[in-house]
Amino acid sequence: MTNAYAVPAIVAVTLVTVVIGAYGLRLARSTSDFLVASREVSPSWNAAAISGEYLSAASFLGVAGLILKYGADVLWYPVGFAAGYLALLLFVAAPLRRSGAFTLPDFCQLRLGAPWLRKLATAFVIFIGWLYLVPQLQGAGLTLRSVTGAHYSLGVLIVAGVVTGNVALGGMRSITYVQAFQYWLKLTALAVPVMFLLAHWQRQDRPAIPSPVTWLLPLHGEEHGLFATYSLILATFLGTMGLPHVLVRFYTNPDGAAARRTTLVVLGLVGLFYLFPTFYGVLGRLYTPHLVASGETDTVVLALPGAAIGGLTGEVLGALVAAGAFAAFLSTSSGLLTAVAGVLSTDVLGRGSVRSFRWSAVVAGAVPAVLALRVDALDVSQVVGLAFAVAASSFCPLLVLGIWWRGLTDLGAAAGIVVGGGSAVGAVLVTVVGPPLTGWTATLVEQPAAWTVPLAFTVMVTVSIMSRRRVPAAIGSIMLRLHAPDALRADATTPR
Amino acid sequence: MSGDTPQRVRVVLADIARPPRTAATRAELTEQTHVGDALVRGLVRAQLALALRLAAVVVIGLGGLPLLFAVAPAVAKARPFGISLPWLLLGALAYPFLFVVGWAYVRLASRAERDFTDLVERP
């Protein structure tokens, strides 16, 4: 399938991204401008930018593809992706902003006073970031191949190149505007074709959707469905708060109360977006059944307008969807790259200067690009799910216990991250490169969160209690800093 | 303003809403006296209890669904408005539900903080 309008649409999205990036570049002058947009981003821009950054290839293409393939059980993916922001709002948003931490390693140092812990947190930030970047670049390769017939590596290289250049030259100031724009583009690109598709379906007198019972009803498909479902719920509900590119954004809010309001708007925007992929999955059963047979369900969003409506309208809508998909790859990759480059430049390659940030961005973009070129058989949505599981088993307990429990120590945090997060990383590696598994072993390894998250919490609490004397002496003032209302802050906290 | 001599800007962590009236209580907070420590502990406990209560609403309301579908498969087969119930709940209603819980939390948490500020600043 090739679409004559897709290439101009993709080129337009990429150009707009570069132009808005250049506009931001003119405004970015100091290191602080580079990294956090000088905290001058208004809440509505910020919320749209957070949502734009969050809605990745997995949301734009993967969710509809999964629903087409598996049915009711995978409706938990989008629900969990949205509910993650509620968990973030309830337990993390305001205290995290008040802590002044810009990255997860910063939070380790501020809360636990242990510079050595930064290295461990940095390693996990980079692992999660790259694990999440590879499927984005793959999605770009698959999309370009699907709509134009171009070689897979072309899409990978275009997205990797544009994003790396944009982040290296403009920093976060520019990507804030880019990503706010891309949220609305993605929503439009998904919602408008749904209107046309539903109208078309209505005109055809609502033909029945072929819905076998294993697809229509929950817990009828996979083995151990209940366990896998709860594991997925845990990973997505708790994983969002531990994703590095999500956390970085919170520093751009002026204070804790604004962080809460922004998160609430994000919850609304993300929830609005997730109303639409389900329609593609369901109508795909009717109009693109060949994708289920061939296993290429990830392309249903791209193929459906052409297959159902056809003609000029179908092609134009198909081009719109392809442009939205590119917006998804560009924006999520930008956020991830900024986060990974940020920790690389402050903790590994340099000391946080603009120059070291630029070099770090190049390194942070090159590694996943090479990986994405080498592995094109990986399943896009599954890998993203695994990144959530790793985040939920490492940074979620660190943040929740660090913010709400005085007893957390550096040793406890390190042990929990190593044991819980390490198990999740092991499960990821076995799933991606290991031998095929069957039965309970397969379920436990492919959906690890149900055992790795409780394990991480347990180890973190137990080791912290055993090393009780290592609780920071200043824990009282740290808790005050995290939780004191903003109105009291100006003189209630010590300036940094 | 010329480009190479930027104007000096005073940077503060947050704006002070009004001049501090009760320096004593604030000092108790920052100096970690027993009173100040108890105040902060109380605030943290109250905010955590609020977050946990609202999380429980979601855990029961949304997290209970797979269990419900497992123990009572007939519920999953219901078709209100001609749409299969699991699809209606998870595909559409879950999102406004999450938003309403979040909205309630933002309201209640802000109120708790206002109460705390009033307590500290009471003359």
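This is a predicted model, so every value here is computed, not measured.

## Digging into the overall build of chain B
A tally of helices and strands in chain B yields 5 helices and 0 strands. For chain B, the α and β elements follow one another from N to C terminus as α-α-α-α-α. A buried classification covers 24% of the 123 residues belonging to chain B.

## Topic: the interface of chain B and chain A
Facing the 47 residues of chain B at the interface are 45 residues of chain A. Looking at the side of chain B that touches chain A, the elements that each hand over two or more residues are α1 (23-30), α2 (34-61), α3 (64-71), α4 (73-77) and α5 (85-121) of chain B. Sort the elements by how many residues they give to the side of chain B that touches chain A and α5 of chain B lands first, with 20 residues. Grouping the constituent residues of the side of chain B that touches chain A by class yields 34 nonpolar, 9 polar and 4 charged.

## Digging into the UniProt feature "transmembrane region" (unreviewed entry) in chain B
In the numbering adopted here, UniProt assigns the feature "transmembrane region" (unreviewed entry) to residues 50-75 and 87-106 of chain B. The span residues 50-75 of chain B carries 88% helix and 0% strand; its end-to-end C-alpha distance comes to 31 Å.

## A closer look at the environment of Val213 of chain A
All names here are of chain A. Its place among the elements puts Val213 in helix α10 (residues 213-216). When the 10 C-beta atoms within 10 Å are taken as the criterion, Val213 is described as exposed. Put simply, Val213 and Ala114 are 99 residues apart on the chain and 54 Å apart in space, counted from C-alpha to C-alpha.

## Topic: helix α11 (residues 225-239) of chain A
The α-helix advances 3.6 residues per turn, and as a result positions three or four apart in sequence lie on the same side. Taking 1.5 Å per residue, 15 residues should reach 21 Å; α11 of chain A reaches 20 Å between its end C-alpha atoms and fits that length. Burial analysis of α11 of chain A places 11 of its 15 residues in the buried class, the great majority of the element. Residues Ala228, Thr229, Ser231, Leu232, Ile233, Leu234, Ala235, Thr236, Phe237, Leu238 and Gly239 of chain A constitute the buried set of α11 of chain A. Buried residues in α11 of chain A make contact with α5 (76-91), α19 (380-404), α21 (439-446) and α22 (449-466) of chain A together with α3 of chain B.

The rules behind these values
Residues numbered from 1 in each chain as written. Chains lettered and ligands numbered in written order. Predicted model: local features only at pLDDT ≥ 70, side-chain atom pairs only at ≥ 80, totals over all residues. Helix = DSSP H or I, 4+ residues; strand = E, 2+ residues; numbered from the N terminus. Buried ≥ 20, exposed ≤ 12 C-beta atoms within 10 Å, placed from the backbone. Contact = placed C-beta atoms within 7 Å. Nonpolar A, V, L, I, M, F, W, Y, C, P; charged D, E, K, R; others polar. UniProt positions renumbered as here; feature names shortened; annotations may be inferred. Expected span 1.5 Å × (residues − 1).

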